[in-house]
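A structural walkthrough
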Amino acid sequence: MAWKASEATGKFPLSDYRFLPLDELSRRVRVVKERLGRSLVILAHNYQRDEIVQFADVQGDSYQLSQHAAQDPHCRAIIFCGVHFMAETADILANRPERVAARGGRAPVILPDLEAGCSLADMATLSQVEDCWRQLTQVLGEEDVVPVTYINSSADIKAFCGAHDGIVCTSSNSRAVLEWALARKKRVLFLPDQHLGRNIGLRMGIPLQRMPLWNPSLPLGGNDPASLREAKIILWKGHCCVHQAFKPEHIDAFRQRFPDIRILVHPECSMEVVQKADYIGSTSQIVKYIREAPAGSRWAIGTEVHLVNRLKNEHPDKEIYFLAPRISMCATMFRINLARLCWAIENLEAGEAVNVIEVDPRTAELAYVALQRMLEVR
């Protein structure tokens, strides 16, 4: 684990907040937020529940949120209502040595619940990736592989990429990043989401047989040396549990019911779903598609349910449906509730930052290298 944190009780223990009514919690968060002013930045991911989003200074994709906090000259503390890899990235960007010096100290990055993790990010550990790299370089040679990690990955995986001439990508710039990587070396090791890598690879014209899957529990990832030598993109066996819920038959059912419906899905969905969809986009791109869609248009959206419901409420002039017949939400993101936010903000005002995520300096430096390479890709 690249970061350290402990869930201190703080001056005000969490147990004091758990059974308070929502209106009381909202009032107390609002009061402290007003007193702290611009020195505190509250970030909320697009998948967050509405009771949290109402207090966000910025709502959006994970990297967009981290960039905002890093660039805000007034920021002295960050409460990140997201998951652990997002808080890590915020710490890496907001607490660069030059920013700490200019600010006169670190800006603590607070994750209201340390159990708010990401199952996708957790599907690739540093030891697994190092073992994979050792096996790959024995077969292919280190000069022939570029490690590329999706931003939904831990800081130490980003650091691994930074140390091995690799790079980070987001769901919106993944094609540009893969083109950058393949212009430099023969093949890519893509971490940790197989579906994003496969979907973008297909759009680049790379055939499936040249995108083998690496299973970290098997020798050579379950592949033979010849298939690895023929590979263009080696896909890590990882996936987003939320986006696994959407199936091709869900699209078929909506098209049968509404022939004019438009299907909009996240690229973390399976290849079979993406190929049937009309539009593919990151969470921010999904928001943009719906905002710019004509009144009266019908949409079925394949991404996290809180975002879909929020879009439905914000755009009553459009007919918006959740693509799957059953709710699919980011359960770990959902762990951050109003009681947790109130506990974190009141302890911060009292002088005790709880649940601070702090990435160790060496890991942060190498991860920053990979993030900076991403920003340089056009």
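Residues numbered from 1 in each chain as written. Predicted model: local features only at pLDDT ≥ 70, side-chain atom pairs only at ≥ 80, totals over all residues. Heavy atoms only, no water.

Time to look at the pattern of salt bridges. Scanning all chains against the criterion turns up 20 salt bridges. Among the salt bridges present, the one from Arg28 reaches Glu24, with a minimum N-O distance of 3.9 Å. Here the residue Arg28 and the residue Glu24 both occupy positions in helix α1 (residues 22-36), the gap between them amounting to four residues, near one helical turn. By relative accessible area, Glu24 is classed as partly exposed at 23%. Connected through shared salt-bridge partners, Glu24, Arg27, Arg28 and Glu346 make up one network. (Salt bridge = Lys/Arg side-chain N within 4 Å of Asp/Glu carboxyl O. Helix = DSSP H or I, 4+ residues; strand = E, 2+ residues; numbered from the N terminus. Buried < 20%, exposed > 50% of the residue type's maximum accessible area, 1.4 Å probe, protein only.)

Attention shifts here to unusual backbone geometry. The residue after Leu191, namely Pro192, is reached through a cis peptide bond having omega -25°. Tracing the sequence through the fold places Pro192 in the loop between β8 (187-191) and α9 (194-203). Notably, Leu220 is not glycine yet its phi reads approximately 50°, a positive angle. Among the structural elements, Leu220 can be located in the loop between β9 (213-214) and α10 (225-230). In the Ramachandran plot, Asn355 falls in the positive-phi region, its phi being about 55° despite a non-glycine side chain.

This paragraph deals with the sheet that holds strand β10 (residues 233-236). In space, the five strands of this open sheet follow the order β7-β6-β8-β10-β9, with parallel pairing throughout. The open sheet has two free edges, formed respectively by β7 (167-169) and β9, since each of these has just one partner strand. Relative to β8, strand β6 (residues 145-150) is paired through five bridges, and the arrangement is parallel. Counted as the bridge partner of Val145 is Arg187 from β8. Across the sheet, helix α7 (residues 155-163) is in contact with β6, β7 and β8; its angle to β6 comes to roughly 150°. (Pairing = 2+ DSSP bridges. Contact = heavy atoms within 4.5 Å. Axes fitted to C-alpha atoms, helices over the stretch in contact; angles between N-to-C directions.)

Right, let's talk about the environment of Ala324 for a bit. Among the secondary structure elements, Ala324 is positioned in the loop between β14 (319-322) and α15 (338-349). Through-space distance from the C-alpha of Ala324 to that of Ala245 is 6.8 Å; in sequence the pair is 79 residues apart. Setting aside residues up to four positions removed in sequence, Ala324 forms contacts with Ala245, Phe246 and His250.

We now examine the environment of Asp360. Checked against the element boundaries, Asp360 lands in the loop between β15 (358-359) and α16 (361-376). What makes Asp360 partly exposed here is its relative accessible area of 29%. Measuring from C-alpha to C-alpha, the distance between Asp360 and Glu51 comes to 32 Å, with 309 residues separating the pair along the chain. Polar contacts involving the side chain of Asp360 include one to the main-chain amide nitrogen of Arg362, which spans 3.2 Å. Looking at Asp360, its side chain comes within polar contact range of the side chain of Thr363, at 2.6 Å. (Polar contact = N/O pair within 3.5 Å; in protein donor to acceptor, adjacent residues only side chain to side chain.)

So, about the confidence of the model for the protein chain. Close reading of the predicted structure is inappropriate where its pLDDT is low. Confidence in the prediction of the protein chain, expressed as mean pLDDT, is 93, and 97% of residues score 70 or more. Predicted confidence is poor over residues 1-6, with pLDDT under 50, and the contacts of this stretch with residues over four places away or in other chains come to 21 contacts. (pLDDT = per-residue confidence, 0-100.)

Time to look at the packing of aromatic side chains. This model, assessed by the stated rule, comprises six aromatic pairs. Measuring from ring centre to ring centre gives 5.1 Å for Tyr279 and Tyr289, while their planes differ by 50°; the resulting arrangement is tilted. One end of the pair, Tyr279, is in strand β12 (residues 279-280); the other, Tyr289, is in helix α13 (residues 283-292), and 10 residues separate them in sequence. For the ring pair Tyr279 and Trp299, a centre distance of 5.5 Å and an interplane angle of 40° mean the geometry is tilted. One end of the pair, Tyr279, is in strand β12; the other, Trp299, is in strand β13 (residues 298-302), and 20 residues separate them in sequence. On the basis of relative accessible area, Trp299 is assigned to the buried category, the value being 2%. In this structure, Arg96 packs its charged tip against the face of Tyr368, placed 3.7 Å from the ring centre. (Phe/Tyr/Trp six-rings, centres within 6.5 Å; stacked < 30°, edge-to-face > 60°. Lys NZ or Arg CZ within 6 Å of the ring centre and 35° of its normal.)

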